[in-house]
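Here is what each chain is made of, one letter per residue.
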Amino acid sequence: MDLEFITTYYQFFLSGTINTVLLAFFSVLGGTMVGVILALMKLSEKKPVKFLASAYIEFVRGTPLLVQLFLIYYGLPHIGIDLPDMVAGIFAVSLNSGAYVAEIIRGGIQSIDKGQMEAGRSLGMSYKMTMKEVIIPQAFKNILPALGNEFIVIIKESAIVSVIGIHELMYKTDVVRGITYKPFTPLIVAAIIYFVLTFSISKFLGIAERSMRASD
Amino acid sequence: MIKVSNLTKNFGKLTVLKSINESIKKGEVVVVIGPSGSGKSTFLRCLNLLEEPTSGEINFEGTSITDKSVNINLHREKMGMVFQQFNLFPHMTVLENITIAPIKVKGICKEEAEKTSHRLLKRIGLSDKAQSYPNKLSGGQKQRIAIARALAMSPDVLLFDEPTSALDPEMVGEVLDVMKELASEGMTMVVVTHEMGFAREVASRVLFMDDGQIVEQNTPSQLFSHPQHPRTQDFLSKVL
């Protein structure tokens, strides 16, 4: 196998990897924000609010990410919103991830003993304040491993945004395949990079989780 | 101070409280006793609307708090509550547990709130625990902190929901001592408990509840030595 091309085009893989990590990082942040809002909506006692969140989550989970990506990429300009490609990509992946994160967070919040809410309320704190000060900080600690997992999933799934021309790892790999007329070997390099990324993150998360449990 | 009129509470088809009428006056220590399932905890939790009454009225310091338009949070500031399971906030230090509500709800500045907490901690004998997390404390210590947390809001009345039921026997005393001290200082208290000794010694009035009703009430000496109602007699013969 001729791996000569790596020394020539390593810059392509490097910048692609950086973009993939950036995309995944901001999508997890965005997804968490969307997820928190959706989770709180799902826990609401107001039926329409609850319904709206459920409908959103079901829609996102029931349609392919690729379709959602196209809907946002081609749909937003229609309503007069023109985002840079990278931002549109982050936006689409965040909205998608938010639906999954919402379920993670809802589970986390429901795992907190209901005495915590009662204690907060009995001190005169509002529902919202108790959520913010008491429930969510505790829930967050419980759901951190699942969130880390979501980060890994997003790193892998973000490959799909190459179809709208975002210069992340998969896109760059395709470029190298084109320039070198090698359809196969650059993919091996990409696969190895993806694996190293996800594997080291999962190892790192494992360590972080253990040290957090130690402080309990 | 608290006036309960025709308080009824249903859980689904089950009627837990059957049209209760009761008044609690300022400075009284009212102890509620009765068999489990008699509705005494539900009664207590209705007083600050942790349980929403199905019907009836709770009037607290002249305001009908069961009225939907009332902001219950404002009135809960004046009604402290201590729970069977302590319910301290595990992610906060003892000091933060005590200061959070004064700071966030009352808008008291941090220094002032901490000064008050240190004074309260000293009073319950736990000054050295200010920076500890709740999971490092014994049950008795946790419950004393929970009492301090409730006191930090300077409430007009304190509600105790079986405060010693989750404690190891040797820790019951330290919690009851704090409660006795509060009672002697004139704090208005409503206490649901199985500690008959506490009821006898500290209560100004004892309510005996059974089957969702206040069956009998009297001063502790009268109620314990001359129970009138057969169900009271039956209950007391089993627990004393």
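Conventions and cut-offs
Residues numbered from 1 in each chain as written. Chains lettered and ligands numbered in written order. Predicted model: local features only at pLDDT ≥ 70, side-chain atom pairs only at ≥ 80, totals over all residues. Heavy atoms only, no water. UniProt positions renumbered as here; feature names shortened; annotations may be inferred. Pairing = 2+ DSSP bridges. Helix = DSSP H or I, 4+ residues; strand = E, 2+ residues; numbered from the N terminus. Axes fitted to C-alpha atoms, helices over the stretch in contact; angles between N-to-C directions. Contact = heavy atoms within 4.5 Å. Buried area = accessible area lost by both parts, 1.4 Å probe. Salt bridge = Lys/Arg side-chain N within 4 Å of Asp/Glu carboxyl O. Polar contact = N/O pair within 3.5 Å; in protein donor to acceptor, adjacent residues only side chain to side chain. Buried < 20%, exposed > 50% of the residue type's maximum accessible area, 1.4 Å probe, protein only.

As named in an unreviewed UniProt entry, chain B is Polar amino acid transport system ATP-binding protein, taken from Alkaliphilus hydrothermalis. As its UniProt record puts it under Subcellular location (unreviewed entry), chain B is described as follows: "Cell membrane".

The name recorded for chain A in an unreviewed UniProt entry is Polar amino acid transport system permease protein, from Alkaliphilus hydrothermalis. In its Sequence similarities (unreviewed entry) section, the UniProt entry covering chain A states "Belongs to the binding-protein-dependent transport system permease family. HisMQ subfamily." For chain A, the Subcellular location (unreviewed entry) comment in UniProt is given as "Cell membrane".

A. Region of interest: the sheet that holds strand 8 (residues 188–192) of chain B. All names here are of chain B. Across the sheet, which stays open at both edges, the six strands sit in the order 6-7-8-3-9-10 with mixed pairing between neighbours. In this open sheet, the two edge strands, each paired with only one partner strand, are strand 6 (79–82) and strand 10 (213–218). Between one strand and the next, the sheet's axes are offset by a mean angle of 20°, whatever the strand orientation. Inspection of the sheet shows strand 9 (residues 205–210) paired to strand 10 by five bridges, in the antiparallel sense. Bridge pairing links Val 206 to Asn 218 in strand 10. Contacting strand 6 and strand 7 (157–161), helix 5 (residues 139–151) crosses the sheet at an angle of about 170° to strand 6.

B. Structural view of the interface of chain A and chain B. Across the boundary between the two partners, chain A contributes 18 residues, which contact 25 residues of chain B. Regarding the contact of chain A and chain B, the summed buried area is about 1700 Å², with carbon and sulfur atoms giving 60% of it. The largest contributions to the chain A side of the interface with chain B come from Glu118(A), Ser122(A) and Leu123(A), which together make up 34% of the buried area. When the shortest N-O distance is used, the salt bridge between Glu118(A) and Arg45(B) registers 2.7 Å. If you look at where chain A meets chain B, you find seven residue pairs in polar contact (both at pLDDT 80 or more).

C. Structural view of the pattern of salt bridges. Within this structure, the stated rule accounts for 20 salt bridges over all chains. A salt bridge links Glu174(B) to Arg144(B); its shortest N-O distance comes to 2.4 Å. With Glu174(B) in helix 6 (residues 169–184) and Arg144(B) in helix 5, this pair connects stretches of sequence that are 30 residues apart. Looking at Glu174(B), the relative accessible area reads 25%, which means it is partly exposed. The network of salt bridges with shared partners includes Lys114(A), Glu118(A), Arg45(B) and Glu51(B).

D. Molecular detail of the pairing of strand 9 of chain B. Residue and element names in this part refer to chain B. Here strand 9 lies mainly inside the structure; six of its six residues are buried. Taking every second residue as pointing to the same face, both faces of strand 9 are buried, with Arg 205, Leu 207 and Met 209 on one and Val 206, Phe 208 and Asp 210 on the other. Strand direction decides the pairing type here: strand 3 (residues 29–33) and strand 9, joined by four bridges, are parallel. When the sheet's bridge partners are listed, Val 32 is paired in strand 9 with Leu 207. What sits between strand 9 and strand 10 in their antiparallel hairpin is a turn of two residues, with Asp 211 showing a positive phi close to 55°.

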